[in-house]
Amino acid sequence: MSHPSRQILADASVFVSGTGTDVGKSVATAALLRALRQAGLAVQAVKPVQTGVEDAAREGDAACYAQAVADMPPGPLPPAATLHSFRLPASPHLAAAREGAQLTVAGLRQDIETHWRTLMAAHAGAGPCAVLLEGAGGLRVPFNEREDTLDLMAALAAPVVIVARNGLGALNLAQLTLDAVRDRGLVTAGLILMPPSDALGTPDEATRAILADNEHWLRARLETEGIPVAVLPWVRLNAAGWERLAQAVRPVAQALAALLRTPSHTAEALVRRDKKVLWHPYTSATHPLPVFAARRSHHNRLVLADGRELVDGMSSWWAAVHGYNHPRLLAALRAQAGRMPHVMFGGLTHAPAVELAERLLDMLPQGLARVFPADSGSVAVEVALKMALQYQQGIGQTRRTRFLTPRGGYHGDTTGAMSVCDPVTGMHSLFARMLPQQLFMERPRCRFDQPFDPASLDDSRQKLAEHGHEVAAVILEPVVQGAGGMWFYHPDYLRGLAQLCREAGALLIFDEIATGFGRTGTLFAAERAGVTPDILCCGKALTGGVLTLAATVCTEQVADGICRDGNVFMHGPTYMGNPLACAVALASLRLLEEEDWQTRVQMLERGLRQGLAPCAGLPGVADVRVLGGIGVVETTEPVPVARLQAFFVERGVWIRPFARLIYLMPPYVTPPEDLARLCDAVGDAVRQGVHLPN
Ligand SMILES: *Cc1c(COP(=O)(O)O)cnc(C)c1O
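Residues numbered from 1 in each chain as written. Predicted model: local features only at pLDDT ≥ 70, side-chain atom pairs only at ≥ 80, totals over all residues. Heavy atoms only, no water.

1. Overview of the pattern of salt bridges
A complete count under the given rule lists 36 salt bridges for this structure. Across the pair arginine 219 and glutamate 223 runs a salt bridge, and its minimum N-O distance is 3.4 Å. With a gap of four residues between them, arginine 219 and glutamate 223 both fall in helix H7 (residues 205-223), about one helical turn apart. Since its relative accessible area comes to 41%, glutamate 223 is described here as partly exposed. Across the salt bridge formed by glutamate 556 and arginine 370, the nearest N and O atoms sit 3.3 Å from each other. (Salt bridge = Lys/Arg side-chain N within 4 Å of Asp/Glu carboxyl O. Helix = DSSP H or I, 4+ residues; strand = E, 2+ residues; numbered from the N terminus. Buried < 20%, exposed > 50% of the residue type's maximum accessible area, 1.4 Å probe, protein only.)

2. A few points about the packing of helix H13 (residues 351-363) against helix H20 (residues 579-594)
With their axes 8 Å apart at the nearest point, H13 and H20 run at an angle of 35° to one another. The crossing of H13 and H20 is left-handed. Within the contact between the two elements, H13 uses Pro352, Ala353, Glu355, Leu356, Arg359, Leu360 and Met363 and H20 uses Pro579, Cys582, Ala583, Ala585, Leu586, Leu589, Arg590, Leu592 and Glu593. Grouping the constituent residues of the contact of H13 with H20 by class yields twelve nonpolar, no polar and four charged. (Axes fitted to C-alpha atoms, helices over the stretch in contact; angles between N-to-C directions. Left-handed = near helix turned anticlockwise from the far one by under 90°. Contact = heavy atoms within 4.5 Å. Nonpolar A, V, L, I, M, F, W, Y, C, P; charged D, E, K, R; others polar.)

3. Considering the site of the ligand
Around the ligand sit Ser376, Gly377, Ser378, Tyr410, His411, Gly412, Glu477, Asp511, Ile513, Ala514 and Lys540, and those are all the residues in its vicinity. Serine 378 is positioned such that a nitrogen or oxygen atom in its side chain is 2.6 Å from an oxygen atom of the ligand. Between the ligand and the protein, one listed contact pairs a nitrogen atom with a side-chain N or O atom of aspartate 511 at 2.7 Å. Protein chains shield 83% of the accessible area of the ligand, which is 380 Å² for the free molecule. Looking at the shell around the ligand residue by residue, the class counts come to three nonpolar, five polar and three charged. (Near = heavy atom within 4 Å. Polar contact = N/O pair within 3.5 Å; in protein donor to acceptor, adjacent residues only side chain to side chain. Areas by Shrake-Rupley, 256 points an atom, 1.4 Å probe, with all protein chains shown as cover.)

4. Thoughts on a nonpolar patch on the surface
A surface patch of nonpolar side chains, amounting to about 400 Å² of accessible area, comprises Met427, Leu430, Phe431 and Met434. Inspection of the secondary structure puts phenylalanine 431 in the loop between helix H15 (415-419) and strand S13 (439-441). (Patch = residues over 30% accessible without salt bridge, like charges linked within 9 Å, V, L, I, M, F, W, Y side chains within 5 Å.)

5. Here's the deal with the sheet that holds strand S20 (residues 621-627)
What the three strands build is an open sheet, ordered S20-S21-S23; its pairing is antiparallel. Only two strands of the sheet have a single partner each, and these edge strands are S20 and strand S23 (661-664). Across the sheet, the mean angle separating the axes of adjacent strands is 10° when strand polarity is ignored. Summarising the sheet, strand S21 (residues 630-635) and S23 pair through four bridges and their orientation is antiparallel. Bridge pairing in S23 links glutamate 634 to leucine 661. Sitting on the sheet, helix H21 (residues 597-612) touches S20, S21 and S23, and the angle it makes with S20 is about 160°. (Pairing = 2+ DSSP bridges.)

6. Quick word on the sheet that holds strand S8 (residues 294-298)
Within the open sheet, the four strands sit side by side as S8-S9-S10-S22. Their pairing is mixed. Pairing within the sheet leaves two strands with one partner each, and these edge strands are S8 and strand S22 (653-654). One ladder, built from three bridges, connects strand S9 (residues 301-304) with strand S10 (residues 309-312); its direction is antiparallel. Counted as the bridge partner of leucine 302 is leucine 310 from S10. With respect to the sheet, helix H23 (residues 672-687) is in contact with S9, S10 and S22, its orientation differing from that of S10 by roughly 90°.

7. Comments concerning the nonpolar core
Counting residues in hydrophobic clusters, the biggest one holds 94 residues, and the most contacted among them are Phe648 and Val682. Aside from chain neighbours lying at most four places away, what touches valine 682 is Leu612, Cys615, Val633, Phe648, Ile655, Ile662 and Leu664. (Core = buried A, V, L, I, M, F, W, Y, C linked by side-chain atoms within 4.5 Å.)

8. Focus: the packing of helix H14 (residues 377-394) against helix H19 (residues 556-563)
Each pair of packed helices can be summarised by the angle the axes make with each other and by the distance between the axes. At a minimum axis distance of 7 Å, the contact between H14 and H19 shows a crossing angle of 65°. In the crossing of H14 with H19, the sense of the turn from one axis to the other is left-handed. Contact with H14, carried on its side by Met387, Gln390, Tyr391 and Gly394, involves Gln557, Val558, Gly561 and Ile562 of H19 and no other residues of that element. When the residues that make up the contact of H14 with H19 are grouped by side-chain class, the tally is four nonpolar, four polar and no charged.

9. Concerning the environment of threonine 532
By secondary structure assignment, the location of threonine 532 is in the loop between helix H18 (526-529) and strand S18 (535-538). A relative accessible area of 34% means that threonine 532 is categorised as partly exposed. Residues threonine 532 and leucine 329, 203 residues apart in the sequence, show an inter-C-alpha distance of 30 Å. Within polar-contact distance, the side chain of threonine 532 engages the backbone oxygen of glutamine 366 at 2.7 Å.

10. Regarding the pairing of strand S2 (residues 42-51)
A regular strand places its side chains so that they alternate between the two faces of the sheet. Counting buried residues along S2, ten of its ten residues qualify, which places the element largely inside the surrounding structure. Of the pairings in the sheet, the one linking S2 to strand S4 (residues 129-138) comprises five bridges and is parallel in character. Bridged to valine 43 within S4 is alanine 130. Here S2 runs beside strand S3 (residues 80-86); their pairing, made up of six bridges, is parallel.

11. Here we look at helix H4 (residues 105-122)
In a regular helix each residue adds 1.5 Å, so 18 residues correspond to 26 Å; H4 covers 26 Å between its end C-alpha atoms and thus fits that length. Taken as a whole, H4 has its buried residues at Val105, Leu108, Ile112, Glu113, His115, Trp116 and Leu119. In a view along the axis of H4, the buried residues occupy a sector of 160°, so they form one face of it. Facing away from the buried side of H4, by more than 90 degrees, are the exposed residues Ala106, Ala121 and Ala122. Contacts made by the buried residues of H4 are with S2, S3, S4 and helix H5 (149-156). (Expected span 1.5 Å × (residues − 1). Arc of directions from axis to C-beta.)

12. Brief notes about the domain arrangement of the chain
Under the domain assignment, the chain is made up of domain 1 (4-261), domain 2 (273-307 + 597-687) and domain 3 (327-594). Look at where the C-alpha atoms of domain 1 and domain 2 centre, and you get two points 40 Å apart. Across the domain 1 to domain 2 interface the summed buried area is about 430 Å²; carbon plus sulfur atoms make up 41%. Linking domain 1 with domain 2 are zero salt bridges, by the criterion used here. (Domains from an automatic or database assignment. Buried area = accessible area lost by both parts, 1.4 Å probe.)

Okay, structure coming up:
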């Protein structure tokens, strides 16, 4: 099961970046190269993009790197390499465009990886090779209209050395750079302070005091965070000068050498420690299913701790519809964190909650009027059930204390929610004495993709005729039953059911926690039936997969019924309306509207239909169905989860099957070729019989 350890680029590279263009980065990089080689490491200094040179082999930074080690015995690796070079002395995006080239972060990352692997192969005897990568200019220097150096640094996930020139403004620039690096989840391995620029002339006493204060201040600030600071002297760049510089950067070089010698990808160790102390969803603590350690994420990709990058097919359980680390969501998170991460909702309110509620009501079916924020889907369902009960009490219907729900449903794992889950797959037998006894009706059996059969309402009609007087509400997932079987049923069922509920005096609750925010092809599944429920729950994709947040929304009529005669609604979680979660949710809803989710979900639907069609009719396959951004291969027998999971990870995709379901619900931003990879992986698994029981 465990993957063999192997070296990964993130553990064998260092990114040197500056606070600006003219801070002496190449001299600092060259000094580091010398110091690291002196420490016995096989290191090469690499300039991924060089601008402003005619001949990269003889001019530019590579020449400077070579000089720094010219008097040393030649190491196993050539001292320097340049991957792309352009003549215009300008930012890479401009210099490349001038020569008709287009730089992308993905392309540069690939070039760096290929270069490093070539070094490793050519110098296998020298042991692990590392590369010192020097960026062009500062962090926000662009490669193209959308991507900059910081994006490349994040994609590489290597430790960072920051070079700053001592002078006026040095503190400001160094701090801003350090903050930006940390905000991307990168580690600063050291700061190199270069001597002031010649333009300063011979500094007078006042200036010298400022420079000394800068140095003192940066040391004090960084060394408390464990970041070494090296201060370089002004030297002539000859052999003796390079030696003095190498000595001066030694504190930083030592920190780097330690990082390069102890790879961080402790995937196996992490999983071992996990096994001792953690518990994962729906698993045994003592005989758990295997887990994989995840390290980073971006767009529609997950990066495992051992460096493998997987195409995500799950959106982290319906949530990450915009993909991972979306800059807009992270910006909203940081901005709100800077203002007010949390405050109690009792007696206080705030703009993120108000604006989120307003926007949600604009998006939801007409007639819903009040938003009760909850911390998770299960809590939102508890709140919905309590609302229905308090409403019936409020209007004097005190005998209405039960809920009616179709079999095959899933509404969460807390007690009340569990009581309305499918009684078999929801394991009611385990909790029989504790769970309230609810009423169950037949699963809506009329398929989504077939003409509506009115007989599919017979059982609900009968159950309501028998028990209608004791039913507070009917609760169900509209159109798509999710975790209870990924079943897609006909929207006309909901229209008929709404009518039956009205006649019986029962409220109608839609649980749109999975279906909400576009996943099924409409913003909410309720729209397909043209039905406004009395109460609606949403969650999961509400924050775009960044934080936990859900909401229970009801009509004014329900709110009035509950609050009649001075009554209040009895619920109030500690983290209710958490401003961070609300701010991110608001940003996520704005993104949905701006980024044309509809077209994207339609593209997913087409790709899934085409990609999964070949699975139909293969041995052990019961059904293949697709709706919106959900693709399902239903098997005849429960699948061997661990075996399938390992197969998928080997194939570079993240797909987590359960029970008799292999299903895909990728982020809306998934490119067509990645969608094809997901479908192909499922197809290959089924063709090779990986889904068949042992
Ligand atoms: C996931 C889910 C829930 C529970 O939400 P949590 O946030 O996991 O508590 C409830 N209902 C439906 C339909 C769901 O898919």
